[in-house]
Amino acid sequence: MPGLGVSVDTRYRNNSLYTFTLYLPSPCGQHGIMTLCKHTRHFPKAKWRVISTPFESRWAFSVSVGDLRSVTVKVEGWSFLLLKLKDCRSSLPALHFHQGGSTDFLDSLRRVALLSPSPDDETCLLVSSPNRALSQSFENLLDDNNFGLVNKFRKDPYVTTLGGFSKVTNYIFDAFRGTEEQHQRPPEEVADLLTEEEPGFEVITRMDLGPRPEVSRRPPLSAEDWTKHQDPEGRMLSISKLKHLIFKGGLCHAVRKEAWKFLLGYFPWDSTLEERKVLQRDKTDEYFRMKLQWKSVSEEQERRNSRLRDYRSLIEKDVNRTDRTNRFYEGMDNPGLVLLHDILMTYCMYDFDLGYVQGMSDLLSPILYVMENEVDAFWCFVSFMDQMHQNFEEQMQGMKTQLIQLSTLLRLLDLTFWNYLESQDSGYLYFCFRWLLIRFKRELSFQDVLRLWEVMWTGLPCQNFHLLVCCSILDSEKQKIMEENYGFNEILKHINELSMKLDVEEILQKAEGISQQIHRCKVRSTPLFIKHKHNRRAGAPKHTGE
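Residues numbered from 1 in each chain as written. Predicted model: local features only at pLDDT ≥ 70, side-chain atom pairs only at ≥ 80, totals over all residues. Heavy atoms only, no water.

- With an unreviewed UniProt entry as reference, the protein is termed TBC1 domain family member 15, source organism Sander lucioperca.
- Checking UniProt for the protein, the heading Subcellular location (unreviewed entry) contains the comment "Cytoplasm".
- In UniProt, the protein has this text filed under Function (unreviewed entry): "Acts as a GTPase activating protein for RAB7A. Does not act on RAB4, RAB5 or RAB6." (UniProt positions renumbered as here; feature names shortened; annotations may be inferred.)

1. Digging into the side chain of Glu-454
Piece 1. Tracing the chain through its elements places Glu-454 in helix 20 (residues 446–456).
Piece 2. Within the structure, Glu-454 has its side chain in polar contact with the side chain of Arg-451 (distance 2.6 Å).
Piece 3. Aside from chain neighbours lying at most four places away, what touches Glu-454 is Ile-246, Gly-250, Leu-251, Arg-256, Trp-260 and Leu-263. (Helix = DSSP H or I, 4+ residues; strand = E, 2+ residues; numbered from the N terminus. Polar contact = N/O pair within 3.5 Å; in protein donor to acceptor, adjacent residues only side chain to side chain. Contact = heavy atoms within 4.5 Å.)

2. A short note on the packing of aromatic side chains
Piece 1. All told, the structure shown has 22 aromatic pairs when counted by the stated rule.
Piece 2. Taking the centre distance of 6.0 Å and the plane angle of 90° together, the rings of Tyr-350 and Trp-379 count as edge-to-face. Here Tyr-350, found in helix 14 (residues 335–350), pairs with Trp-379, found in helix 16 (residues 374–388); they are 29 residues apart in sequence, far enough to count as distant.
Piece 3. Taken together, Tyr-287, Phe-288, Tyr-347, Tyr-350, Phe-378, Trp-379 and Phe-381 form an aromatic cluster joined through their ring pairs. (Phe/Tyr/Trp six-rings, centres within 6.5 Å; stacked < 30°, edge-to-face > 60°.)

3. Description of helix 23 (residues 504–520)
Piece 1. Between its first and last C-alpha, helix 23 extends 24 Å over 17 residues, near the 24 Å set by a 1.5 Å rise per residue.
Piece 2. Among the residues making up helix 23, those that are buried are Val-504, Ile-507, Leu-508, Ala-511, Glu-512, Gly-513, Ile-514, Ser-515, Gln-517 and Ile-518.
Piece 3. Sitting at the head of helix 23, Asp-503 places a side-chain oxygen 3.0 Å from the backbone nitrogen of Glu-505. (Expected span 1.5 Å × (residues − 1). Buried < 20%, exposed > 50% of the residue type's maximum accessible area, 1.4 Å probe, protein only.)

4. A look at the pattern of salt bridges
Piece 1. Per the stated rule, a full pass over the model turns up 26 salt bridges.
Piece 2. In this structure, Asp-475 engages Lys-478 in a salt bridge whose closest nitrogen and oxygen atoms are separated by 3.4 Å. Residue Asp-475 and its partner Lys-478 are located together in helix 21 (residues 465–483), separated by three residues, close to a single helical turn.
Piece 3. Residue classification places Lys-478 among the partly exposed residues on the basis of a relative accessible area of 24%.
Piece 4. With a shortest N-O distance of 2.8 Å, Glu-497 and Lys-493 are connected by a salt bridge.
Piece 5. Glu-497 sits in the partly exposed class, given a relative accessible area of 37%. (Salt bridge = Lys/Arg side-chain N within 4 Å of Asp/Glu carboxyl O.)

5. Some remarks on the nonpolar core
As a rule of thumb, nonpolar side chains are buried together in soluble globular proteins.
Piece 1. Among the nonpolar cores identified, the biggest contains 109 residues, and Trp-226, Ile-367, Phe-392 and Phe-465 are the most heavily contacted of them.
Piece 2. When residues of this core are assigned to their parent elements, the largest contribution, ten residues, is made by helix 16.
Piece 3. When sequence neighbours within four positions are dropped, the list of residues in contact with Trp-226 reads Leu-221, Met-236, Leu-242, Ile-246, Val-255, Glu-258, Ala-259, Phe-262 and Trp-269. (Core = buried A, V, L, I, M, F, W, Y, C linked by side-chain atoms within 4.5 Å.)

6. Quick look at helix 11 (residues 273–295)
Piece 1. Compared with the 33 Å implied by 1.5 Å per residue over 23 residues, the 32 Å span of helix 11 between its first and last C-alpha is a close match.
Piece 2. Of the surrounding secondary structure, the elements contacted by the buried residues of helix 11 are helix 10 (253–263), helix 13 (306–319), helix 14 and helix 16.

7. Some details on the pairing of strand 9 (residues 114–117)
Piece 1. Pairing of strand 9 with strand 10 (residues 124–128) involves four bridges; the strand directions are antiparallel. By the bridge assignment for strand 10, Ser-116 is matched with Leu-126.
Piece 2. Linking strand 9 to strand 10, which pair antiparallel, is a turn of six residues. (Pairing = 2+ DSSP bridges.)

8. A few points about the state of the cysteines
Piece 1. One pass over the structure, following the stated rule, counts zero disulfides.
Piece 2. For Cys-470, which is in no disulfide, the shortest distance to another cysteine sulfur is to Cys-432 and amounts to 5.1 Å.
Piece 3. Its relative accessible area of 0% is what places Cys-470 among the buried residues. (Disulfide = S-S within 2.5 Å.)

9. Examining the side chain of Asp-318
Piece 1. Examined against the element boundaries, Asp-318 turns out to sit in helix 13.
Piece 2. Exposure remark for Asp-318: the relative accessible area of 4% places this residue in the buried category.
Piece 3. A polar atom in the side chain of Asp-318 sits 2.6 Å from the side chain of Tyr-356.
Piece 4. With residues up to four places along the chain from it excluded, the contact list for Asp-318 reads Tyr-356, Gln-358, Gly-359 and Ser-361.

10. Topic: the packing of helix 13 against helix 14
Piece 1. With their axes 10 Å apart at the nearest point, helix 13 and helix 14 run at an angle of 150° to one another. Taken as axis vectors, helix 13 and helix 14 run roughly antiparallel relative to one another. As for the relative orientation of helix 13 and helix 14, their crossing is right-handed in sense. From helix 13, Leu-308, Tyr-311, Arg-312, Ile-315, Glu-316 and Val-319 reach across to helix 14, where they touch Leu-337, Leu-340, His-341, Leu-344, Met-345, Cys-348 and Met-349.
Piece 2. Looking at side-chain class alone, the contact of helix 13 with helix 14 contains ten nonpolar, one polar and two charged residues. (Axes fitted to C-alpha atoms, helices over the stretch in contact; angles between N-to-C directions. Parallel < 35°, antiparallel > 145°, perpendicular 65-115°, else oblique. Left-handed = near helix turned anticlockwise from the far one by under 90°. Nonpolar A, V, L, I, M, F, W, Y, C, P; charged D, E, K, R; others polar.)

11. Regarding the pairing of strand 6 (residues 68–75)
Look at any regular strand and the pattern is simple: side chains alternate between the two faces of the sheet.
Piece 1. Relative to strand 7 (residues 79–85), strand 6 runs antiparallel, the two sharing seven bridges. Along strand 7, the bridge assignment pairs Thr-72 with Leu-82.
Piece 2. As consecutive antiparallel partners, strand 6 and strand 7 are separated by three residues, and within that stretch Gly-77 has a phi angle of approximately 85°, a positive value.

Right, dumping it as structure tokens:
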């Protein structure tokens, strides 16, 4: 098929590429226009489409990104691109960029696909499927070593500090743009959407939140206090009071190994000591049956099982870089690393559809550190993953929902700050992505992560307390962000540099204050959403408002 001579025009909306136009020569010598649009809510599938052609050009075409195998870049006086499809029976014309624009085209394509150099041909870029691109994006997000390397390839040092971060958020960016009309709806309708997608919020209304109450934290729950909440047969007593004590102060480390099993749902609160021993025996048998499944796979079998092979490769890579400065995991041939590997491989047998995704090792590491037991750590991890599962699914619905909820919550708590972020194209709070994905694991010291997680596992004072934790951190940083007039890049850089500089007790204290502030506010006129379990009356309407 003959090549096409093309030039390029790009149109941006809110700093995001929206349309990409190729100027094509018409048969009569005049220039017609073929405009291709990135997928949006108008074009929900991941493909570029012809959306306007002033003349009927026999060269006009559209192609799904998922159907592309590779793009080869050639330079012979000018740049031209050869698009190769996965279906070898079909072919596309070469695109000749006589007036420049090939780089813009490739940059645009990178927004919807992962382009990686071919090991066999340096001029060829392999186009990965969205699933593979997403997996790679998680890897880039969670690999701190990548942050320094991408500076060599990107112009802006601030954005490139979060290069991996940006790749991941590109996937949710389009999803949010696809729901842009939702962001422009009345707050009442937005709150309705939030409660439908992830129950845990109740709409109330207010004109003024009023002053934020002063709250205090207490010392961690001691082993003696924990024992006082058990009857002679080992049943836990006064569970609501016990959870409140844990919420207010956390646990001393000596109690964690037992208490976390209850908080995560591995042990029923009303079980006796003997019942728990029986449960552990049964769960031990079940665990080792699943472990044997992958242990008994031969090399020859694994060569024919690409998914298991990929899972193993990702796990081995992540295990070797997870919390290696922690004494429990440091050094070569560390038995803690072997346990980390084996538990994650066994989880792939437990939930083969999800398997393993980068970031899951971050969720397991503190649990294994506390449990110091392979079987108990596995079943506690299973319970934690039941809560976090949607964060790691391919569609990332859990992440989308949480970021939308967080943005709406911040909008209603602090409209001035939210408007400022929105004016800097940061209203979707992409910089909070890693906070939510792995529950602040990379933002706090290891011991502070243990404290934060056990507090959140109490389920108090509301189901999505982690969103109030986000608001607490942002509340502490908003003055600097606004006074320094930070733009999009500076906000990303500033939030990223908060890692390991946050005080968990201060964060929890402020988050609880925000929760009480919301709970005490009088019912007025502007919607706000939060759900306090103890405040829900039987028969009360789910939503209140005008």
